Amino acid sequence: MQSTERPEPHKTIPFDIWETSGSTEHLGGIYATQRLVESCCIAPGQVVLDIGCGTGYTASYLAQKYQARVVAIDISPRSVEEARKRVFKEGISHQVTILQADAHHLPFSANAFDTIVVESVLAFCDAAQVFLEMQRVLRAGGVLGVNELTLLKPPPEELITLLTGALSIQSFQEREWRSIFKSGGFVEVVSTAHRFNLWEQLASHIRVDGVRGYLSAMVKGLADVRISRVFINRNMLRAARKFLPFVGYGLYIGKKAKGIQDQEQGRNR
Ligand SMILES: C[S@@+](CC[C@H](N)C(=O)[O-])C[C@H]1O[C@@H](n2cnc3c(N)ncnc32)[C@H](O)[C@@H]1O
């Protein structure tokens, strides 16, 4: 597994992209969200935490489709602003609270949530630290649903250097993510790995942001010299073609072991 030593989030290229474009995404788009959330078995009125909510699509979906009470956090001020706009526009502010917070230090008490959903965030974090936090704030027996970039086969060194170096992304294979879940105290872990599908991704973008919103986010992002320097060059285009077959996403569901809360309560007595 790769080292978890990480640069400050706000100094990375992905952070620049989220801040500049006002747009976020995860592999598999809304189709993956629907599959992931369905597996979380959320009942009406349950309290769900969406970590790294981006522009708030999933938080809004959880509130509207599942009648959940949602708390969504993100470290990026721009994402928080966009998510708040969405929630206000959709008239669900009474059901969804959006906060600026760091996933490594969740500002919530222990056992506060029934379910946690995370889509394409852990790859930008110290995953082990975030797992400790998720373990703490989830109630015993609560469900954790994760969608993260997943390498579909053992990656060449060049790909790892590209992901960790240029993009500050930690990438793992499915069995490595599963072992992170287990080390984090999650049980009954179920997972599926999926190939990246460009058309599905585009279709999702357009359903979420509309054609104009999508193109506008692309133009804003690429107008930032720091971003375009990384993405618009022959080496990156060659690497994208060469490494695409390695890159996919995984959907992971786990439960916080029941004994863990019992032990914590025992310690607190
Ligand atoms: C690839 S985007 C995904 C956003 C959203 N989940 C979605 O699927 O559209 C990653 C998001 O994670 C947020 N993020 C990254 N590191 C974070 C951290 N340490 N704490 C909270 N949010 C973080 C980013 O600001 C960004 O909005």
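Computed from a predicted structure; not experimentally measured.

Honestly, unusual backbone geometry in this entry has me stumped. Any pointers?
Trans is the prevailing form of peptide bonds, just as negative phi is the prevailing case for residues other than glycine. Phi is positive for Asn111, close to 60°, though the residue is something other than glycine. For Asn111, the position within the fold is in the loop between β3 (96-100) and β4 (113-119).

Explain the site of the ligand here, please?
Around the ligand, 21 residues are found, and the nearest of them are His26, Gly52, Gly54, Ser76 and Ala103. Residue classes in the shell around the ligand are distributed as nine nonpolar, eight polar and four charged.

Just checking my understanding: could you explain the packing of helix α1 (residues 13-21) against helix α8 (residues 198-223) for this structure?
How two helices sit against one another is set out by the angle between their axes and by the gap between those axes. Close contact between α1 and α8 brings their axes to 8 Å; oriented N to C, the two are set at 125°. As judged from the angle between their axes, α1 and α8 are oblique. Note on packing geometry: the crossing formed by α1 with α8 is right-handed. Every residue of α8 that contacts α1 at Ile17, Thr20 and Ser21 is listed here: Ala217, Lys220 and Gly221.

Where do I start with the nonpolar core in this structure?
Leu62, Val70, Ala72 and Ile116 are the most contacted members of the largest nonpolar core, which has 54 residues in total. Looking at which element gives the most residues to this core, the answer is strand β5 (residues 138-151), with six residues. Non-local contacts of Leu62, meaning those with residues more than four positions away in its chain, are made with Val37, Ile42, Val48, Asp50, Ala68, Val70 and Val117.

I keep staring at the pairing of β3 and nothing clicks. Help me out?
As a general feature of sheets, a regular strand has side chains that alternate between the two faces. One ladder, built from five bridges, connects strand β2 (residues 69-74) with β3; its direction is parallel. Note on β3: the bridge partner recorded for Ile73 is Leu99. Crossover β2 to β3 through helix α4 (residues 77-89) is right-handed.

Would you mind going over α1 with me for this structure?
Within an α-helix, residues lying three or four positions from one another point in the same direction, as the helix has 3.6 residues per turn. Buried within α1 we find Ile17, Trp18 and Ser21. Mapping the buried residues of α1 onto a view down its axis gives an arc of 95°, with all of them on the same face. Where α1 is buried, its residues contact α4, α8 and α9 (225-231). Immediately beyond the C-terminal end of α1, within one or two residues, lies Gly22, with a positive phi of roughly 70°.

Here is what the cut-offs are and how they apply
- The residue numbering used here restarts from 1 in each chain and proceeds along that chain's sequence as written.
- Only residues with pLDDT of at least 70 are given local features in this predicted model, and only at 80 or more are side-chain atom pairs given and counted; all residues enter the totals for whole chains, interfaces and linings.
- In this text, helices come from DSSP runs of H or I with a minimum length of four residues, and strands from runs of E with a minimum of two, each type numbered from the N-terminal end.
- Near, as applied to residues and a molecule or strand, means the residue's backbone-placed C-beta atom lies within 6 Å of it.
- Charged means Asp, Glu, Lys or Arg here, nonpolar means Ala, Val, Leu, Ile, Met, Phe, Trp, Tyr, Cys or Pro, and polar covers whatever is left, Gly included.
- Lines are fitted to the C-alpha atoms to define the axes, a helix being fitted only along its stretch in contact, and any angle between axes, read from their N-to-C directions, falls within 0 to 180 degrees.
- These descriptions rest on fixed angle ranges, namely under 35 degrees for roughly parallel, over 145 for roughly antiparallel, 65 to 115 for roughly perpendicular, and the rest for oblique.
- Two helices crossing with the near one rotated counterclockwise from the far one by less than a right angle form a left-handed crossing, whereas a clockwise rotation gives a right-handed crossing.
- Contact definition: two residues whose C-beta atoms, as placed from backbone geometry, lie within 7 Å.
- Working definition: the nonpolar core is a set of buried Ala, Val, Leu, Ile, Met, Phe, Trp, Tyr and Cys residues, joined through C-beta atoms within 7 Å.
- Exposed residues have 12 or fewer other C-beta atoms within 10 Å of their own C-beta, buried residues have 20 or more, and partly exposed residues fall in between, where C-beta atoms are placed from the backbone.
- Pairing between two strands requires that DSSP report at least two bridges joining them.
- Place the viewer so that the strands point away; then a crossover is right-handed whenever the path from the first strand over the helix to the second strand goes clockwise.
- Working note: the arc is built from the helix axis to C-beta atom directions.

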